[in-house]
Amino acid sequence: MFPTTALLSLSFLAIAYGQQVGTLTAENHPKLSIQQCSAGGSCQTLQRSVVLDSNWRWLHDVHSSTNCYTGNTWDTSLCPDPDTCAQNCALDGADYAGTYGITTSGNQLSLKFVTQGPYSKNIGSRVYLLDSDDSTYQLFNLKNQEFTFDVDMSTLPCGLNGALYFVEMDKDGGSSRFPSNKAGSKYGTGYCDTQCPHDIKFINGEANIIDWTPSPSDPNAGTGQYGTCCNEMDVWEANSMGAAVTPHVCSVQGQTRCSGTQCGDGDERYDGICDKDGCDFNSFRMGNQTFLGVGKIVDTSQKFTVVTQFLTADNTTNGALSEIRRLYVQNGKVIANSKTNIPGMAAYDSITDDFCNAQKQTFGDTNTFESLGGLKQMGNAFQQGMALVMSIWDDHDAEMLWLDSDYPTDADPSKPGVARGPCPTTSGVPTDVESQSPGATVIFSNIKFGPIGSTYA
């Protein structure tokens, strides 16, 4: 994900982030089935579930329903310091459908952008896939494997992102490393990504209240002193106008709290421990503007299948990750990925270290992907195990222009790499998207994983 911060907005009467466990609302995880396939194409159905990220939950006094956090400020009587806040505040269960617009049916997950409940308006959501125990995250090693899903994002306009990706979270959400985190993965704790987000309210079991600064544009978000970093594989960041697949890497392994220069904020973007830009393959940005979109070769007005293959140098699950391939299936037809059409670049159709180096050089971008380890480091993260994330969000930092428009907005759009999608540079303003497209919904379904060639026909 490209923005320097990921300020996911949420309008809720009692906005919640925390580490103790509350008892005022029951936590029942929506069920979601996925399939694990074998060579030859036979697939076994696995009964799984999803859990809402802790950043969306109601946080209140352990002994009452008094909010610990309201709007974009903390209750200083309950949260005078990070440790006391973690002791005083309880994270409660979620009404997934009624409050958050999250529903499942069989192998289908629907995430609605704006949900108006009886007492609140919720904007966006983020969920994680739980393992068979319905309590800890399922961790994936996709080296020499492929990952496939169907997506319907036909209602997602400019400025929205229906995302499916992997991050190197702790399987238990950090509860064993940080005993003050009593909620753990069962309540969606422990998030991290390569943007090292500062808007996460609890990191390493402590409230992120030091130097807390309310967001100037989002009345429900802010940033603290610390960020939370880890390797990230963005399999799918998209709306009906465009899409990108992007590996991002860090110099560290596993969820890591950062501060100062480590976080790579602002002018120190390329001095931090993570590669925030990543090595993206966006067909529009790579020179094919007729490949993916409404009525195009991959027609985003209809459901289609996304297949992502993670090839290793020796074709084993222990080998070094060497290539990420992409293909699509729609209306029974297998569609090969588009090829780059940029002067000075070869016709690449997959992500390799050679592609990344050529892209960065041609576009004049800083190549922290290479300096922090490239695809081999991405493979190392999968070897450790990565959690599956699915979300819908709008962007208070860059209006999603990095995905679907010209970005940076002050650059010449005719310069290679600047034009990323057809959306106007005035699009994506969160207040506009929220008021004009509240019913926008991304639907992920038919998730499969297995050896190369086993998950699609």
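### Description of empty space enclosed by the protein
One pass over the full model with this rule turns up 5 cavities of 30 Å³ or more. Class assignment for the residues of the lining of the largest cavity results in 4 nonpolar, 10 polar and 2 charged.

### Examining the pairing of strand β21 (residues 232–239)
Most of β21 sits out of view: 8 of its 8 residues are buried. One ladder, built from 5 bridges, connects strand β15 (residues 160–167) with β21; its direction is antiparallel. Bridge pairing in β21 links A163 to E237. Relative to strand β22 (residues 242–248), β21 runs antiparallel, the two being bridged by 6 bridges. Across the sheet, the residue bridging to D234 is T246, located in β22. As consecutive antiparallel partners, β21 and β22 are separated by 2 residues.

### Looking at the side chain of Q20
Its place among the elements puts Q20 in strand β1 (residues 20–21). Using a relative accessible area of 19% as the deciding quantity, one classes Q20 as buried. Separated by 2.9 Å, the side chain of Q20 and the backbone oxygen of A86 make a polar contact.

### Structural notes on helix α3 (residues 353–363)
In an α-helix, one full turn covers 3.6 residues, which means residues spaced three or four apart are oriented alike. Of all the positions in α3, only F355, C356, A358, Q359, K360 and F363 are classed as buried. Along its buried surface, α3 packs onto α4 (368–371). Two residues or fewer past α3, G364 is found with a positive phi of approximately 75°.

### Re the state of the cysteines
The term disulfide refers to a covalent linkage connecting the sulfur atoms of a pair of cysteines. In total, this model carries 9 disulfides according to the counting rule given. One disulfide in the model links C279 with C356; its S-S distance is 2.0 Å. Across the disulfide from C279 to C356, rotation about the S-S bond amounts to roughly -100°, and the bridge is consequently left-handed. Linking C279 in the loop between β23 (256–258) and β24 (292–293) with C356 in helix α3, this pair joins segments that are 77 residues apart in sequence.

### Quick look at the packing of aromatic side chains
For the structure on display, the rule yields 22 aromatic pairs. With centroids separated by 5.9 Å and ring planes inclined at 70°, the aromatic side chains of W236 and F304 adopt a geometry described as edge-to-face. Taken as a pair, W236 in strand β21 and F304 in strand β26 (residues 304–312) lie far apart in primary sequence, 68 residues in all. Take W236 and F304: they sit in the same class, and that class is buried. Ring pairs connect the aromatic residues F140, F147, F149, F166, W236, F291, F304, F310, Y328, F382, F444 and F449, which therefore count as one cluster. In this structure, R126 packs its charged tip against the face of Y191, placed 3.7 Å from the ring centre.

### Quick word on the sheet that holds β1
Pairing is mixed in the open sheet, where 3 strands are placed in the order β1-β7-β4. The sheet terminates laterally at β1 and β4 (59–61), the two strands that pair on one side only. Examined bridge by bridge, β4 and strand β7 (residues 89–91) share 3 bridges and lie antiparallel to one another. Residue pairing for β7: D61 is matched across the bridge by C89.

### What about the pattern of salt bridges?
For the structure on display, the rule yields 13 salt bridges. With its nearest N and O atoms 2.9 Å apart, the salt bridge here joins D53 to R126. A residue pair is termed long-range when its members are at least 10 positions apart, and D53 in the loop between β3 (43–52) and β4 and R126 in strand β12 (residues 125–130) qualify at 73 residues. With its nearest N and O atoms 3.2 Å apart, the salt bridge here joins E323 to R325. Several salt bridges converge on common partners, so that one network encompasses R48, D131 and K171.

### Some thoughts on the environment of T23
For T23, the position within the fold is in the loop between β1 and β2 (31–37). A residue is classified by how much of its surface remains accessible, and T23, at 73% relative accessible area, is exposed. For T23 and V62, which are 39 residues apart along the polypeptide, the C-alpha to C-alpha distance reads 9.0 Å.

### Some words on helix α5 (residues 374–384)
Within α5, the full set of buried residues consists of G374, L375, Q377, M378, G379, A381 and F382. Just downstream of α5 lies G385, where phi reads positive at about 110°.

### As for the nonpolar core
Within the largest apolar cluster, 94 residues are counted, with the highest numbers of intra-cluster contacts made by F147, F149, F166, W236 and M390. Of all the elements, strand β29 (residues 386–394) adds the most residues to this core, at 7 residues. Listed in part, the 13 residues of the second largest apolar core include W74, C79, I209 and W212.

Reading the values: the criteria
Residues numbered from 1 in each chain as written. Predicted model: local features only at pLDDT ≥ 70, side-chain atom pairs only at ≥ 80, totals over all residues. Heavy atoms only, no water. 1 Å grid on protein atoms, 1.4 Å probe; cavity = no way out; pocket = protein on both sides within 12 Å on 5 of 7 lines; lining within 4 Å. Points joined across faces, edges and corners; volume = space filled by probe spheres on them. Nonpolar A, V, L, I, M, F, W, Y, C, P; charged D, E, K, R; others polar. Buried < 20%, exposed > 50% of the residue type's maximum accessible area, 1.4 Å probe, protein only. Helix = DSSP H or I, 4+ residues; strand = E, 2+ residues; numbered from the N terminus. Pairing = 2+ DSSP bridges. Polar contact = N/O pair within 3.5 Å; in protein donor to acceptor, adjacent residues only side chain to side chain. Contact = heavy atoms within 4.5 Å. Disulfide = S-S within 2.5 Å. Phe/Tyr/Trp six-rings, centres within 6.5 Å; stacked < 30°, edge-to-face > 60°. Lys NZ or Arg CZ within 6 Å of the ring centre and 35° of its normal. Salt bridge = Lys/Arg side-chain N within 4 Å of Asp/Glu carboxyl O. Core = buried A, V, L, I, M, F, W, Y, C linked by side-chain atoms within 4.5 Å.

Such coordinate-based values are descriptive only and should not be taken to indicate function.
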